[in-house]
Amino acid sequence: MNINAPRGTQDILPGTSEKWQYVEKQLADLCRRYHYKEIRTPIFEHTELFQRGVGDSTDIVQKEMYTFEDRGGRSVTLRPEGTASVVRSYVQNKVYGLPNQPTKYYYMGPMFRYERPQQGRMRQFVQFGIEALGSDDPAIDAEVLSLALNSYKELGLQSVKLVLNSLGDQESREAHRQALIKHFDPHREELCSDCQIRLDQNPLRVLDCKKDRDHPAMEAAPSILEYLNDYSKDYFERVKQYLDVMGIDYEIDPNLVRGLDYYNHTAFEIMSEAEGFGAITTLSGGGRYTGLVKEVGGPETSGIGFAMSIERLLMALEAEGVVLPVDEGLECFIVALGEQAERAVIKLTDELRRAGIQVDKDYLGKKMKAQFKAADRLGSKYVLVLGEQELENGVINVKDMTTGDQKEVALDSVIDYMKEELTGGE
Ligand code: HAM
């Protein structure tokens, strides 16, 4: 019987995993410079966390969660996103009470959503995200936006666009909510069954509906920007000013809603404009959340963050033809000829590796020629050959595969010799 990986999941094999490692390292370094520290939270949580955190009326909670009962009869859910878990941890560990606020975290790890798989939409995907908790200074919104954009730019992407909106504070949202209900109510019967429910639960969601996207009432829907009170308007203005100061371009889209319920004020998405990127153009999204920490049992604390999937980032790099500087080659391959030499090679291989050099050898009992072929296929920069004669003379043959030069090197100094060769004497 053949058993394949579940739909919407993938194996990341060597050849690709080097790209993942490279990107993950670059993102971690970016976070170091912005002074965001890594947090690791569990991959599953109590279901209630996401129901309350992400929001009961969202597609994620209603249709996409991997929820199951554990053997103790508790309902648990594979995390569909990272923000709710980070906030849960922040509250549980009373991090809000520590000095040095705001708290700035980043995370990287698998998330799970039962969605219809297509290019850029997986059931298991890896999110990189950041959260800054404990400050409602619009300067930190600008910082998050800057980090989000730079995570693409520093990797070499050019066709990325920042789309920005403000969802306002509670008061502004309530005014907008009433306006939306008034606007859509006469069309209630024409809307899809989901939107009829959304109209009562969270009318903002109607603007995000894929089925009703072309309904004439959509275009004329009241814009949140017209309902922002003075505080929200001023907040949004300051975020934009700080972006201008940093020379960051953006586009305002008053219909940008986001698929999660916890946002106020700043909401944004980063889109790819690269040709051939695919039908889904969103690379990442995020925004400010003012009620979430309280919802999860903590004090009134505001936060802002964003998340991207590494899968979509790699798709964008491919679409723009960016080649990452990953080295899939091998530093040394050692060929042993004969029983005695094999023992000496096993010892030398071990010593070279401990000295920091990347080494491999044959494990299939191949003849000399086949071993050379293997070294070539592996892209080895050097091939070291040890036969019985060399062993007797206390030397080893070192071949530089780039130049073709060969040299006999004393066995007791080959480690230093290889170090020198590989670092170019640095
Ligand atoms: P989200 O918009 O649901 O926001 O997801 C953020 C990003 O995760 C998306 O833009 C996309 O790159 C990636 N993503 C989501 N679903 C999938 C999927 N099925 N397959 C591949 N990639 C996917 C959040 O998750 C929020 N927690 C972001 C945030 C952080 N807001 C504040 N802080």
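See above for the structure.
Residues numbered from 1 in each chain as written. Predicted model: local features only at pLDDT ≥ 70, side-chain atom pairs only at ≥ 80, totals over all residues. Heavy atoms only, no water.

Visitor: Would you explain the nonpolar core in this entry?
Guide: Among soluble globular proteins, nonpolar side chains are generally buried collectively. Tyr 36 and Phe 128 are the most contacted members of the largest nonpolar core, which totals 47 residues. Contributions of two or more residues to this core are made by helix H1 (17-34), strand E6 (124-133), helix H5 (138-153), strand E7 (160-166), helix H9 (230-245), strand E9 (264-272), strand E11 (303-309) and helix H11 (310-319). Looking at this core, the element that brings in the most residues is H5, giving eight residues. Residues contacting Phe 128, with those up to four places away along its chain left out, are Leu 27, Cys 31, Tyr 106, Tyr 107, Met 108, Leu 147, Ser 151, Phe 306, Ala 307, Met 308 and Ile 310. The next biggest cluster of nonpolar side chains, apart from the first, holds 46 residues, and it includes Tyr 105, Leu 133, Leu 292 and Val 293. (Core = buried A, V, L, I, M, F, W, Y, C linked by side-chain atoms within 4.5 Å. Buried < 20%, exposed > 50% of the residue type's maximum accessible area, 1.4 Å probe, protein only. Helix = DSSP H or I, 4+ residues; strand = E, 2+ residues; numbered from the N terminus. Contact = heavy atoms within 4.5 Å.)

Visitor: Looking at this structure, I do not really get the site of the ligand. What am I missing?
Guide: Among the 28 residues in the neighbourhood of the ligand, the closest are listed as Glu 81, Thr 83, Glu 115, Tyr 263 and Leu 283. Glu 115 is positioned such that a nitrogen or oxygen atom in its side chain is 2.6 Å from a nitrogen atom of the ligand. The contact in question runs from a nitrogen atom of the ligand to an N or O atom on the backbone of Met 122, over 2.8 Å. Isolated, the ligand exposes 650 Å² of accessible area, and the fraction of that covered by the protein chains is 96%. Among the secondary structure elements, those contributing two or more residues to the shell around the ligand are E6, strand E10 (282-289) and E11. No other element matches the seven residues that E10 contributes to the shell around the ligand. (Near = heavy atom within 4 Å. Polar contact = N/O pair within 3.5 Å; in protein donor to acceptor, adjacent residues only side chain to side chain. Areas by Shrake-Rupley, 256 points an atom, 1.4 Å probe, with all protein chains shown as cover.)

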